[in-house]
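Examination of the molecular architecture
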Amino acid sequence: MKHPIRLLSVLFILFTPYAFSEPLNYNLYHISTTATAEINNDIMQVTLQASNQSRQAETANNEVNKKMTTALNMLQKNTKQIKYKTTHYQTRPVYKDLQVIAWKTSQQLELESTDFPLLTKVIGKLQTELNITAIEFKVSPSVRKNTQNQLSIEALNQFKQQAELIQKNMGASNYQIVSVNINTGSQYLAYPRPMMKTEMASSAPAIKSGSSAINVDASGQIQLMFN
């Protein structure tokens, strides 16, 4: 009875799947391509701030509340074209020689719109109560998504072209794709712009929306096959 058992053990070793598999560790080539497009920024974002400093915290709070209320009442007439919200309300002490000599209260108002002329006109009016602290531009999500989809196709076409070029130059009969990764990303060419005091006093700041570079990368491996 011992001999058949020994024979079965030998057959199991000989016919294990590892004896027939071939690892993909030869004739492998890595390919990386990038498709890029510059898209005009279609969203304008503006940050304004109301602030006041007084010996009494309550006085500082009231002055800031009054300024912000006036600004919000003005914005209610443009709610369809302009999105807005208030943020970063804070009251902090002002020290001198380790003594509290005053209180400073501030609150920010963030505006966003695709209608640049309207938003520029509105913030010019808001500057009677608030100061502009920053202006920036970006690409809207829908435009970014459509652009990324188009660039993904372009990056994959470049990947295939590179694969065919490698196959031809290496004298291979064919190739197969082992793996492909798609990575979407972007690089803003327009950047947040802090406002100078002289600009804060103007009725409406001069603006230029600029553009953003949107990138899609395709990277992966191919394996060449030879007859």
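Preceding this paragraph is the structure being described.
Side note on the nonpolar core
Ranked by size, the top nonpolar core spans 21 residues in total, and within it Met44, Val46, Leu48, Leu109, Leu111, Ile123 and Leu126 carry the most contacts. Of all the secondary structure elements, the ones that give two or more residues to this core are strand 2 (43–54), helix 2 (57–75), strand 4 (99–113), helix 3 (116–126) and strand 5 (131–138). In terms of residues, this core owes the most to one element, helix 3, which gives six residues. Discounting residues that sit within four places of it in the chain, Leu111 has contacts with Met44, Gln45, Val46, Leu48, Leu75, Ile82, Lys83, Tyr84, Leu119, Ile123 and Leu126. If you look at the next biggest cluster of nonpolar residues, it comprises nine residues, including Ala35, Ile39, Ala155 and Ala218.

Describing the packing of helix 2 against helix 3
Where helix 2 meets helix 3, the axes come as close as 10 Å, and the angle between the chain directions of the two elements is 150°. Classed by the angle they form, the pair helix 2 and helix 3 counts as roughly antiparallel. Every pair of crossing elements has a handedness; the one defined by helix 2 and helix 3 is right-handed. Contacts from Ala71, Met74 and Leu75 of helix 2 reach helix 3 at Val122, Lys125 and Leu126. Here the contact of helix 2 with helix 3 is built from residues that sort into five nonpolar, no polar and one charged.

Focus on the layout of surface pockets
Once rolled over the atoms, a probe with the size of a water molecule shows which space is left empty. Approximately 190 Å³ is the volume found for the largest pocket. Looking at the largest pocket, the residues that line it are Gln45, Val46, Thr47, Lys83, Tyr84, Lys85, Glu110, Leu111, Glu112, Ala134, Ile135 and Glu136. Residue assignment for the lining of the largest pocket shows that the elements contributing at least two residues are strand 2, strand 3 (83–96), strand 4 and strand 5. Each residue belonging to the lining of the largest pocket can be placed in one class, and the counts come to five nonpolar, two polar and five charged.

Examining the side chain of Gln45
Secondary-structure assignment places Gln45 in strand 2. Here Glu112 takes part through its side chain, which lies 2.7 Å from a polar atom of the side chain of Gln45. Discounting residues that sit within four places of it in the chain, Gln45 has contacts with Leu111, Glu112, Ala134, Ile135, Glu136 and Lys138.

Some points on the pairing of strand 3
Side chains on a regular strand alternate between the two faces of the sheet. When strand 3 meets strand 4, the two strands line up antiparallel, connected through twelve bridges. When the bridges of strand 4 are listed, Lys83 appears paired with Glu112. Taken together, strand 3 and the strand that follows it, strand 4, pair antiparallel across an intervening segment of two residues, in which Asp97 is found at a positive phi of about 55°.

What counts as what
- Residues numbered from 1 in each chain as written.
- Predicted model: local features only at pLDDT ≥ 70, side-chain atom pairs only at ≥ 80, totals over all residues.
- Heavy atoms only, no water.
- Core = buried A, V, L, I, M, F, W, Y, C linked by side-chain atoms within 4.5 Å.
- Buried < 20%, exposed > 50% of the residue type's maximum accessible area, 1.4 Å probe, protein only.
- Helix = DSSP H or I, 4+ residues; strand = E, 2+ residues; numbered from the N terminus.
- Contact = heavy atoms within 4.5 Å.
- Axes fitted to C-alpha atoms, helices over the stretch in contact; angles between N-to-C directions.
- Parallel < 35°, antiparallel > 145°, perpendicular 65-115°, else oblique.
- Left-handed = near helix turned anticlockwise from the far one by under 90°.
- Nonpolar A, V, L, I, M, F, W, Y, C, P; charged D, E, K, R; others polar.
- 1 Å grid on protein atoms, 1.4 Å probe; cavity = no way out; pocket = protein on both sides within 12 Å on 5 of 7 lines; lining within 4 Å.
- Points joined across faces, edges and corners; volume = space filled by probe spheres on them.
- Polar contact = N/O pair within 3.5 Å; in protein donor to acceptor, adjacent residues only side chain to side chain.
- Pairing = 2+ DSSP bridges.

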